Amino acid sequence: MELIILGQHLQRVVSMESIASKNVLCHPITLGMSAPTGDGGAAAIVCSEDFVRRHNLHNKAVEIVAQHMVTDMPSSFGTSFMDLSGYSMAEKAAQKCYHESGIGPKQVDVLEVHDCFSCNELFMYEALQLVPKGHGTNLVNNAKWIKNKNGGMVCKLGDRWVVNPSGGLESKGHPIGATGLGQCAELVWQLRGEADQRQVDGAQVALQHNFGIGGAAVVTMYRKNQDKTYPSKL
């Protein structure tokens, strides 16, 4: 399936042969499997429930249901490349979000994960508990491209999840400091139904995973605003 998203860093179809033939960074990961860094900016307005009510923003509001950050653990300094890439930190942060929100992975509709390298997205399928450990590739092998109501195509994993409809860091680029809020913006658009041809139809719950060397993993659960009492002014 060939899909190009307007406004993304990569504006051309890149063949699997081209990706595989790039310089090897760490076998089997090549330069073509890493996210291109670039310039970018993103912003989010965080406000109280009272502010939303006073300004009649219910139709635009997206609720942060849970958010947890986990920093380096002893396993981060072991011999596992997965843990070096933040696997255990993401797993622990996700568990805390699921417990605090009372929302499980099967209730999530759309995710944005920090795919700085292609393997990291596979790791996150498992760390975020979409599938058991060792079964991440099954989601890819059984993925289905589905046409949405806006005429676009989205890739469904496990007949349930759409991961990185924005194109992820691998496509949209990695502007470092702006990456996390860029993920946030995409998920807010998804929950508002404003994602155009990238739209995940009927999305109600979203999950974000962000990661930084240093190291820290942040997992955030978002939910479409449930209070429709007042019309939005926007």
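Look a little higher up for the structure.
Residues numbered from 1 in each chain as written. Predicted model: local features only at pLDDT ≥ 70, side-chain atom pairs only at ≥ 80, totals over all residues. Heavy atoms only, no water.

**Q** Describe in detail the pattern of salt bridges, supporting the description with residues and values.
**A** Per the counting criterion, the structure on display carries 10 salt bridges. Across the salt bridge formed by Asp109 and Arg160, the nearest N and O atoms sit 2.2 Å from each other. Of this pair, Asp109 sits in the loop between helix H4 (87–101) and strand E4 (110–112) while Arg160 sits in the loop between strand E6 (153–157) and strand E7 (161–163), and the two are 51 residues apart along the sequence. Asp109 sits in the buried class, given a relative accessible area of 12%. Between Glu194 and Arg192 there is a salt bridge, with the nearest N and O atoms lying 3.7 Å from each other. Under the relative-accessibility criterion, Glu194 is labelled partly exposed at 34%. On the accessibility criterion, Arg192 (33% relative accessible area) is partly exposed. (Salt bridge = Lys/Arg side-chain N within 4 Å of Asp/Glu carboxyl O. Helix = DSSP H or I, 4+ residues; strand = E, 2+ residues; numbered from the N terminus. Buried < 20%, exposed > 50% of the residue type's maximum accessible area, 1.4 Å probe, protein only.)

**Q** Outline the nonpolar core, listing residues and values.
**A** Leu111, Leu128, Leu207 and Met221 are the most contacted members of the largest nonpolar core, which has 34 residues in total. Going through the elements one at a time, strand E3 (62–71), H4, helix H5 (118–127), E7, strand E8 (205–212) and strand E9 (216–224) are the ones with two or more residues in this core. The greatest single-element share of this core, amounting to 7 residues, is contributed by H4. Ignoring any residue separated from it by four or fewer positions in sequence, one finds Leu111 in contact with Leu128, Leu130, Trp161, Val162, Val163, Asn164, Pro165, Leu187 and Leu207. Of all hydrophobic cores here, the second largest spans 11 residues; its members include Val110, Val162, Ala203 and Tyr222. (Core = buried A, V, L, I, M, F, W, Y, C linked by side-chain atoms within 4.5 Å. Contact = heavy atoms within 4.5 Å.)

**Q** Lay out H5 with the relevant residues and their values.
**A** With 8 of 10 residues buried, H5 lies mostly within the body of the structure. Taken as a whole, H5 has its buried residues at Cys119, Asn120, Glu121, Phe123, Met124, Tyr125, Glu126 and Ala127. Following H5 by one or two positions, Gln129 has its phi on the positive side, about 70 degrees.

**Q** Can you tell me about H4, naming the residues and giving the values?
**A** An α-helical turn contains 3.6 residues, so any two residues separated by three or four positions project in the same direction. The end-to-end C-alpha distance of H4, which contains 15 residues, comes to 21 Å, matching closely the 21 Å that a straight helix rising 1.5 Å per residue would cover. Among all positions in H4, only Tyr87, Ser88, Met89, Ala90, Glu91, Ala93, Ala94, Cys97, Tyr98 and Ser101 are buried. The elements touched by buried residues of H4 are E3, helix H3 (81–84), H5, E8 and E9. (Expected span 1.5 Å × (residues − 1).)

**Q** Go over the sheet that holds E9, please, and point to the residues and values.
**A** Think of a sheet as strands paired side by side through backbone hydrogen bonds, with each pair either parallel or antiparallel. Reading across from one edge, E3-E9-E8-E4-E7-E6-E5 is the order of the 7 strands in this open sheet, with mixed pairing throughout. One side of each edge strand has no neighbouring strand; the edge strands of this open sheet are E3 and strand E5 (144–147). When the angles between neighbouring strand axes are averaged without regard to direction, this sheet yields 30 degrees. Sheet topology places E4 next to E8; 3 bridges connect them, and they run parallel. When the bridges of E8 are listed, Leu111 appears paired with Leu207. Strands E3, E4, E8 and E9 of the sheet are contacted by helix H8 (residues 179–192), whose axis makes an angle of about 175 degrees with E8. (Pairing = 2+ DSSP bridges. Axes fitted to C-alpha atoms, helices over the stretch in contact; angles between N-to-C directions.)

**Q** So, the packing of H4 against H5: which residues are in play, and what are the values?
**A** Relative orientation of the contacting elements H4 and H5 amounts to 35 degrees, with a least axis distance of 9 Å. For the element pair H4 and H5, the recorded crossing hand is right-handed. The segment H4 lies against H5, with Tyr87, Ala90, Glu91 and Ala94 engaging Phe123, Met124, Glu126 and Ala127. (Left-handed = near helix turned anticlockwise from the far one by under 90°.)

**Q** So what's going on with the pairing of E9? Residues and values would help.
**A** Bridge count between E3 and E9: 9 bridges; the pairing is antiparallel. Within E9, the position partnered with Ala66 by the bridge is Met221. Once E8 ends, the chain turns through 3 residues before running back antiparallel as E9, passing Gly214 with a positive phi of about 150 degrees.

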